[in-house]
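A structural walkthrough
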Amino acid sequence: MARAQSNQDDAAPLWQVLLIAFLPTFIYSIGQGAIIPVISAVATDLGASTAFAGFIAGSLLIGQALGNLPASSVVSRFGERRAMILAAMATIIGALISANATTAWMLMIGVLLQGLMTATFALARQAFLTTYVPRRVRARAMSSLGGVFRSGMFVGPFLAAWLIGLTGTPQANFWAFIACSILVVISLLVLPDIEKFARPGQPSVANTAAKPEGLWRTIVDRRDVLVRLGLAAGAMMALRAARQVLLPLWGISIGMDAATVSIVMGIGGAIDFALFFTSGWIMDKFGRAASAVPAMVGMGVGFGALAFVHGAPEAQWWFTAITWFVAVANGVGSGIVMTLGADLANPVQPAPFLGAWRTITDASSATVPFIVSGLVALAGLPFAAGAFGVIGLLGAFVMWRYIPIYVPKPPHTGPIQLGGE
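From a predicted model like this one, the values you see are computed outputs, not experimental measurements. All residue numbers refer to position in the chain's written sequence, counted from 1. Whole-chain, interface and lining totals are the exception, using all residues; otherwise, since this is a predicted model, local features are given only for residues with pLDDT of at least 70 and side-chain atom pairs are given and counted only at 80 or more. Remark: hydrogens and water are excluded; side-chain values derive from all non-hydrogen atoms of the structure.

Regarding the overall build of the protein chain
Under the DSSP-based scheme used, a helix requires at least four consecutive residues in state H or I and a strand at least two consecutive residues in state E, with every element numbered from the N terminus. The helix and strand tally for the protein chain stands at 17 helices and zero strands. Values of accessible area rely on a 1.4 Å probe in the Shrake-Rupley scheme; residue burial ignores everything except the protein chains shown. Of the roughly 17500 Å² of accessible surface on the protein chain, 71% is carried by carbon and sulfur atoms.

What follows is the structure in structure tokens.
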């Protein structure tokens, strides 16, 4: 009893934990948001074909999907805070390569490296919150982390537009990512070192003698949950990626101009962003399935309905309404994938499981552009929308069936007390 009380007394105040996770994430996502809109343009300026430019832009996601497994080893060996510092420093190298690229291939190498380091940074910050945030407020912390990331990605494109106007070249935007990564390193060095405190309810990190879990052993031992809930979480990530890929194509195909489609999508993004904390509260109050299942059903129904209105009268209004409906559904599920990963991971050594978990979810997102292209070429946009509708409903069933088995309902929740647990 005295040992448990000592662990609680040694635990860092929650506000410090959230600050260390949220501030570097916001800065890093601004830099990432500044480069994403310009990668294709830079590749084209360097002589890449349209198809190759698209592949270079997609290599950011490919690097992120491939980087999760090695990232788990880095986080396990160096700790969450040091892993974030190392990732930010390596991001600087990748961005420097891209900023000074003279060929499309050189640009791709730099972008791929940035994707790999994004995986390390993202896994480390998720593992950090998994370890140090009490379970009764975990979902609100994870959904807020997603909200912080989205806010940075919202600011980044405006910074990109300003830099292009100032310099006249989109390649200069990589310097924004360099500056943001430097600020991330500085912030992590200046902020308190939480890892010297005991983890909530666990022995001190410095005093634990537990042997690190191996990545492949974790995958083998946890294969049942990775196949079931991991693939369901991957389905949710695929639906989210389909929003960004399929919906703009749909709007253009029914005669809407690019500016109007952007406005509709932008309002949908604002709706999605507005619900991130509500989603966390639902998960902490009523359990994870209360957020995950309605979100999957809503997105599945939205995409399914879209399949039947392509040639309908007032197709543009149908598109607008369904886009916003899907945004509401996605907002209700904000943070659920990270929260489930945190719930299922070993609370003392979360990195190995999270590496496998994030590989499944990130790979699901990265493959969506290729899936959409193939389905549209094979059978048209309505068939592609219907296919994602089916994916959503199947994913909802799996989450309804297995979340109560693998993830018990969280303890009694209440207001977040930033001074500690």
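Now that the structure has been shown, we can carry on.
Regarding helix H14 (residues 315-332)
An ideal rise of 1.5 Å per residue puts 26 Å on 18 residues; H14 measures up with 26 Å between its terminal C-alpha atoms. Accessibility here uses a 1.4 Å probe with only protein chains present; expressed as a share of the type maximum, an area under 20% marks a residue as buried, one over 50% as exposed, and anything in between as partly exposed. Listing the buried residues of H14 in full gives Ala315, Phe319, Thr320, Ile322, Thr323, Val326, Ala327, Ala329, Asn330 and Gly331. By this rule, a helix spans an expected 1.5 Å times one less than how many residues it contains.

Comments concerning unusual backbone geometry
Of note in the backbone geometry, Glu314 takes a positive phi value of approximately 55° without being a glycine. Relative to the elements of secondary structure, Glu314 occurs in the loop between helix H13 (289-306) and H14.

Concerning the packing of helix H7 (residues 138-167) against helix H15 (residues 336-344)
Running from amino to carboxyl end, H7 crosses H15 at an angle of 135°, the nearest separation of the two axes being 8 Å. In terms of axis orientation, H7 runs oblique to H15. Handedness of the crossing formed by H7 with H15: right-handed. From H7, Arg138, Ala139, Met142, Leu145 and Gly146 reach across to H15, where they touch Met338, Thr339, Ala342 and Asp343. When residues are grouped by polarity, Ala, Val, Leu, Ile, Met, Phe, Trp, Tyr, Cys and Pro land in nonpolar, Asp, Glu, Lys and Arg in charged, and all others, Gly among them, in polar. Broken down by class, the residue content of the contact of H7 with H15 amounts to five nonpolar, two polar and two charged. Whenever a helix is involved, its axis is fitted only over the stretch in contact; in every case the axis is a line through C-alpha atoms, and angles between N-to-C directions fall within 0 to 180 degrees. Working definition: roughly parallel below 35 degrees, roughly antiparallel above 145 degrees, roughly perpendicular at 65 to 115 degrees, and oblique for all remaining angles. Whether a crossing is left-handed or right-handed is set by the direction in which the near helix is turned from the far one by less than a right angle, anticlockwise for left-handed and clockwise for right-handed. Contacts are assigned to residue pairs with any non-hydrogen atoms lying within 4.5 Å of each other.

Brief notes about the pattern of salt bridges
We define a salt bridge as a side-chain nitrogen of Lys or Arg found within 4 Å of a carboxyl oxygen belonging to Asp or Glu. Per the stated rule, a full pass over the model turns up eight salt bridges. Asp221 serves as the salt-bridge partner of Arg217, at 3.4 Å between the closest nitrogen and oxygen. Taken as a pair, Arg217 and Asp221 lie in helix H9 (residues 215-221) at a separation of four residues, close to a single helical turn. On the accessibility criterion, Arg217 (52% relative accessible area) is exposed. Between Asp272 and Arg243 there is a salt bridge whose closest N-O contact spans 3.1 Å. Here Asp272, found in helix H11 (residues 258-274), pairs with Arg243, found in helix H10 (residues 223-253); they are 29 residues apart in sequence, far enough to count as distant. Judged by relative accessible area, Arg243 falls into the buried class, the value being 6%. Residues joined in a network through salt bridges with shared partners are Arg135, Arg138, Arg140, Asp284, Arg288 and Asp343.

Focus: the packing of aromatic side chains
Any pair of Phe, Tyr and Trp rings, taking the six-membered ring for Trp, is counted once the centres come within 6.5 Å. Such a pair is stacked with planes under 30 degrees apart, edge-to-face with planes over 60 apart, and tilted for the rest. One pass over the full model with this rule turns up 10 aromatic pairs. Where Tyr28 meets Phe121, the ring centres are 4.3 Å apart and the plane angle is 10°; that geometry is what we call stacked. You can see Tyr28 sitting in helix H2 (residues 14-35) and its partner Phe121 sitting in helix H6 (residues 104-132), a full 93 residues away along the chain. Taken as a pair, Tyr28 and Phe121 share a single burial class, namely buried. Arranged with centres 6.1 Å apart and planes meeting at 45°, the rings of Phe303 and Phe388 form a pair that is tilted. You can see Phe303 sitting in helix H13 and its partner Phe388 sitting in helix H17 (residues 381-406), a full 85 residues away along the chain. Of the residues examined, Phe303 reaches a relative accessible area of 1% and is grouped as buried.

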